[in-house]
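Listed below, chain by chain, are the residues.
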Amino acid sequence: MIARLTAGVTRRGLGLLALLLAGAIIAPLFAGDYLLTVLILMLYFAYTGQAWNIMMGFAGQLSLGHALYVGLGAYTAAALYVHFGIGPWLGLLAAVPIAAATGAFIGFLAFRFRVGGVYFAILTIAFAEFARVGFDHLGWTRGSSGLFLPVAQYSHNDLWQLRGHPVMFYYILLAATALAFIFCRALLHSRIGYFWLAIREDEEAARAVGIDTFRYKMIAVVISAGMTAFAGVIYAFYYNNLFPEQVFNISRSIEIILAPMVGGIGTLFGPIVGTFILEGLSEALRTLLGFLGVDVPGIKQVFFGIVLLLVVVAVPEGVWPWLARRFGLTEDER
């Protein structure tokens, strides 16, 4: 299994991966509270970007409503915890199937009736908006008043209940991001992955050679939605409060897709590189402006827009493929 996952990767590539992982493992030892918060945010978007990348980067189905799956995962686990005392890991067993089933329903409506491209993207936005309005009036989840998780002072980390210091959440997200990377690499080099790439490049040609495009697009949507729901569970128990206007907002979906777009859609390292560029530089800019005493509302969004524009113009395939060529890495390492 390990040999299969590392097939085609040079020793230099494996060495860089090991160095990156080692640096990520020891980072909390040297990070203050603020930097740790930034690192957690980076890992969150790296993970969700990888989940979105399965649908768009691998299978070529543009989703602009992935906040829907984050919200469903977050609200399902949080509501079960608040009302019944069910822990988040057991709640995850309900959150993932609910998000996956929702993704399957959206995919069925779209793919059965040949809705694709920009129309599929609009459909995903519509369902996220339906969820936002619906949860805004759903009393069981406290509607627009917000769902608040009970917070207690813990002298130690309680992994089972996801109560504790932010370092615990950092390592959970680090493990999830690493596992998502391995899982996506295995998928990409499997039969399903090759079918996805064929559908992404030319769906009509893929259908002509006998690929069941409906089936494999559905698989991509279900996997992507289920993976994203896990991020929602972590989101709920990290922030301890949920508001429909905040969780299901289209801006959340845009934040998820920015990292893969900047790093390189369809590449394994793209979501990771993209999120470190966007979040790292934006936080550095915010810190610099704060040091200078300058307050610019919405500066983070403006910065994201500028970075995305520069990437689209200078390196339209993304930053990571350009870096991979510069370092002489193989396709498998991209």
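Everything in this summary refers to the structure shown in the same document. (Residues numbered from 1 in each chain as written. Predicted model: local features only at pLDDT ≥ 70, side-chain atom pairs only at ≥ 80, totals over all residues. Heavy atoms only, no water.)

Turning to empty space enclosed by the protein, a few remarks are in order. As enumerated under the stated definition, the model contains 1 cavity of 30 Å³ or more in all. Its volume calculated, the largest cavity comes out at about 50 Å³. Lining of the largest cavity is provided by Phe45, Glu255, Leu258, Ala259, Thr275, Leu278, Glu279 and Phe304. Going through the elements one at a time, helix 12 (250-263) and helix 13 (270-292) are the ones with two or more residues in the lining of the largest cavity. Counted by class, the lining of the largest cavity contains 5 nonpolar, 1 polar and 2 charged residues. (1 Å grid on protein atoms, 1.4 Å probe; cavity = no way out; pocket = protein on both sides within 12 Å on 5 of 7 lines; lining within 4 Å. Points joined across faces, edges and corners; volume = space filled by probe spheres on them. Helix = DSSP H or I, 4+ residues; strand = E, 2+ residues; numbered from the N terminus. Nonpolar A, V, L, I, M, F, W, Y, C, P; charged D, E, K, R; others polar.)

Let us look at helix 15 (residues 319-327). Within helix 15 the residues assigned to the buried category are Val319, Trp320, Pro321 and Ala324. Where helix 15 is buried, its residues touch helix 12, helix 13 and helix 14 (299-314). (Buried < 20%, exposed > 50% of the residue type's maximum accessible area, 1.4 Å probe, protein only. Contact = heavy atoms within 4.5 Å.)

The next thing to look at is the packing of aromatic side chains. Counted according to the given criterion, the structure contains 23 aromatic pairs. Here the aromatic rings of phenylalanine 195 and tyrosine 216 are separated by 4.8 Å at their centres, their planes lie at 70°, and the arrangement is edge-to-face. Pair noted here: phenylalanine 195 is in helix 8 (residues 191-201) and tyrosine 216 is in helix 10 (residues 213-239), with a separation of 21 residues, a long-range link. The same class applies to phenylalanine 195 as to tyrosine 216, namely buried. Three or more aromatic residues joined by ring pairs form one cluster here, namely Tyr44, Phe45, Phe169, Tyr235, Tyr238 and Tyr239. Seen from the ring of phenylalanine 214, arginine 112 lies directly overhead, with NZ or CZ sitting 4.1 Å from the centre. (Phe/Tyr/Trp six-rings, centres within 6.5 Å; stacked < 30°, edge-to-face > 60°. Lys NZ or Arg CZ within 6 Å of the ring centre and 35° of its normal.)

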